[in-house]
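# Observations on the model geometry
These are the residues of each chain, in order.
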Amino acid sequence: MSKNIFRISPGFEDIMPDEYKELVESGPYGKDLGVSDMGTFKELLEEHPLCAGCGLALSLRLILASLPNPEDTVIVGSTGCSALAFPQVAVHNIHSLFGNQNAVASGLKRALKLRFPDKVKDVVVIAGDGATADIGLDMVMQSWFRSESITTIMLDNEAYANTGGQESGMTQQGAVMNMAPKGKNFPKISLPEIAREAGCSYVASISPAQPKRLEKMVRRAILTAREVGPSYVQIFSPCPTNYKFKPQETVSRIKQHQKEGHYQTKEYINTAAQEYLASIEEGKKNE
Amino acid sequence: MYVAARVDNDKCSGCKVCIFTCPDPNVIKLNKEAKIVAINEARCKGCGLCVVACPKKALNVSS
């Protein structure tokens, strides 16, 4: 997995699709690009099948633009809406069985450490709330207990959106869904608190309404996972299709939830991670 | 009727807020020299997130 892998094989230049050629020419590989540079480079191929106004698609774009080392990153995904955009992602990625993503990522990270002992290889799990907080919670928590060096990013759209709108553990209490017509009986799971208690060195909850802060948190989470221990980022990504609001209201809905206190931006960093991140961020300032 | 977003070049300041809020890649691109954004109308889904986010009210999706 060197930066050369993103070159088109000789002889195939003429037959590759234009989108792919453009990706090779203007992708983020080997350049220090971030969210502020979006619009000048290409982070995934065009025309993903996610709905108009999808908060999850917006979060995914911002995450991909925030990766500190995209050419040496492997993304592990799971069943859900986000998996629909994964074929267009220009980073090595694996689709795992529903809920198994953290177990697959743990093995992959260990294998990469053995295969490339002198190289930095990031393994990032990107999955929805069903895969992280419900079906995969066992594997997710066990990976945190074992202190696996992986970053877990949950795209929290508060529903099983891909299968018609069932309630998930992350759905707000009382929310009425297509397939939960009586409203949810139980409160939303506090996964950031669970992550902290389960041994994550870095925990954050954020939304795509704050793109630059999201970038900072995703980068911090990945850097922490490299050197200190597991990290967890929860990103609130509302679903216009299942919650039946207009696509243009996604960001305003996030802000409304934040104002009402249903979703808060939080960051927890343990002492070891704090020291490590401070040394990196100070070094960058001095450059 | 499907309507893609359009940009009013006179109002656009090139702040890139619309690029940060677009859920689709490479639909809105920045023209660095002219300091305005350009929309790929064939690929825009017309969700209108950029219209709401634009501080200069330079974008619209209404026909």
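Keep in mind it's a predicted model, so treat the numbers as computed, not measured.

Parameters at a glance
- Residues numbered from 1 in each chain as written.
- Chains lettered and ligands numbered in written order.
- Predicted model: local features only at pLDDT ≥ 70, side-chain atom pairs only at ≥ 80, totals over all residues.
- Heavy atoms only, no water.
- Helix = DSSP H or I, 4+ residues; strand = E, 2+ residues; numbered from the N terminus.
- Rg over C-alpha atoms; globule rule 2.2 N^0.38 Å.
- Buried < 20%, exposed > 50% of the residue type's maximum accessible area, 1.4 Å probe, protein only.
- Contact = heavy atoms within 4.5 Å.
- Areas by Shrake-Rupley, 256 points an atom, 1.4 Å probe, with all protein chains shown as cover.
- Lys, Arg positive; Asp, Glu negative; His and termini not counted.
- Charge placed at Lys NZ, Arg CZ, Asp CG, Glu CD.
- Polar contact = N/O pair within 3.5 Å; in protein donor to acceptor, adjacent residues only side chain to side chain.
- UniProt positions renumbered as here; feature names shortened; annotations may be inferred.
- Salt bridge = Lys/Arg side-chain N within 4 Å of Asp/Glu carboxyl O.
- Phe/Tyr/Trp six-rings, centres within 6.5 Å; stacked < 30°, edge-to-face > 60°.
- Lys NZ or Arg CZ within 6 Å of the ring centre and 35° of its normal.

Here we take up the overall build of chain B. When helices and strands are counted, chain B shows two helices and four strands. Going residue by residue from the N terminus, the α and β elements of chain B occur as β-α-β-β-α-β. Scaling as 2.2 N^0.38, a compact globule of 63 residues should have a C-alpha radius of gyration of about 11 Å, and chain B matches this with 10 Å. Across its three principal axes, chain B shows a C-alpha extent of roughly 35 × 20 × 15 Å. Counting the 63 residues in chain B, one finds 44% classified as buried. Across chain B, contacts joining residues at least 24 apart in sequence account for 58% of those joining residues at least 6 apart. A total accessible area of about 3,400 Å² is found for chain B, and carbon and sulfur atoms account for 50% of it. Of the charged side chains in chain B, 10 are positive and 5 negative; the average position of the first set lies 6 Å away from that of the second.

Let us now look at the side chain of A:Gln172. Topologically, A:Gln172 is positioned in the loop between strand 4 (151-156) and helix 7 (191-197). The exposure class assigned to A:Gln172 is buried, which follows from its relative accessible area of 17%.

This part is about the environment of A:Glu281. Residues and elements named next belong to chain A. Looking at where Glu281 falls in the secondary structure, it is placed in helix 11 (residues 271-286). Looking at Glu281, the relative accessible area reads 30%, which means it is partly exposed. Through-space distance from the C-alpha of Glu281 to that of Pro247 is 37 Å; in sequence the pair is 34 residues apart. Of the polar contacts made by the side chain of Glu281, one reaches the side chain of Arg220; its length is 2.9 Å.

Another point: unusual backbone geometry. Residue and element names in this part refer to chain B. A positive phi angle is found at Asn26, which is not glycine, with a value near 60 degrees. Within the secondary structure layout, Asn26 lies in the loop between helix 1 (17-21) and strand 2 (28-31). In this structure Asn26 comes out as buried when scored by relative accessible area, which is 7%. In this structure, Lys57 is a non-glycine residue whose phi angle is positive, near 50 degrees. Among the secondary structure elements, Lys57 is positioned in the loop between helix 2 (49-53) and strand 4 (59-60).

What follows is about the UniProt feature "domain: Thiamine pyrophosphate enzyme TPP-binding" (unreviewed entry) in chain A. When the UniProt feature table is mapped onto this chain numbering, "domain: Thiamine pyrophosphate enzyme TPP-binding" (unreviewed entry) sits at residues 87-235 of chain A. The span residues 87-235 of chain A is 36% helical and 18% strand by assignment, and the distance between its end C-alpha atoms comes to 21 Å.

Tallied over the full model, the rule gives 22 salt bridges over all chains. With a closest N to O distance of 3.2 Å, A:Glu47 and B:Arg43 form a salt bridge. With A:Glu47 in the loop between helix 1 (18-26) and helix 2 (55-66) and B:Arg43 in the loop between strand 3 (36-39) and helix 2, the pair connects residues from two separate chains. Since its relative accessible area comes to 52%, A:Glu47 is described here as exposed. The partner of A:Glu197 in a salt bridge is A:Arg196, with the nearest N and O atoms 3.9 Å apart. The exposure class assigned to A:Glu197 is exposed, which follows from its relative accessible area of 65%.

All names here are of chain A. Across all of its chains, the model carries three aromatic pairs over all chains by this definition. Consider the rings of Phe236 and Tyr263, whose centres lie 4.8 Å apart with planes at 20 degrees: the pair is stacked. Linking Phe236 in strand 6 (residues 231-236) with Tyr263 in the loop between helix 10 (250-260) and strand 7 (266-269), this pair joins segments that are 27 residues apart in sequence. With respect to class, Phe236 is no different from Tyr263; both count as buried. Lying across the ring of Phe116, Arg115 places its NZ or CZ 4.7 Å from the centre.

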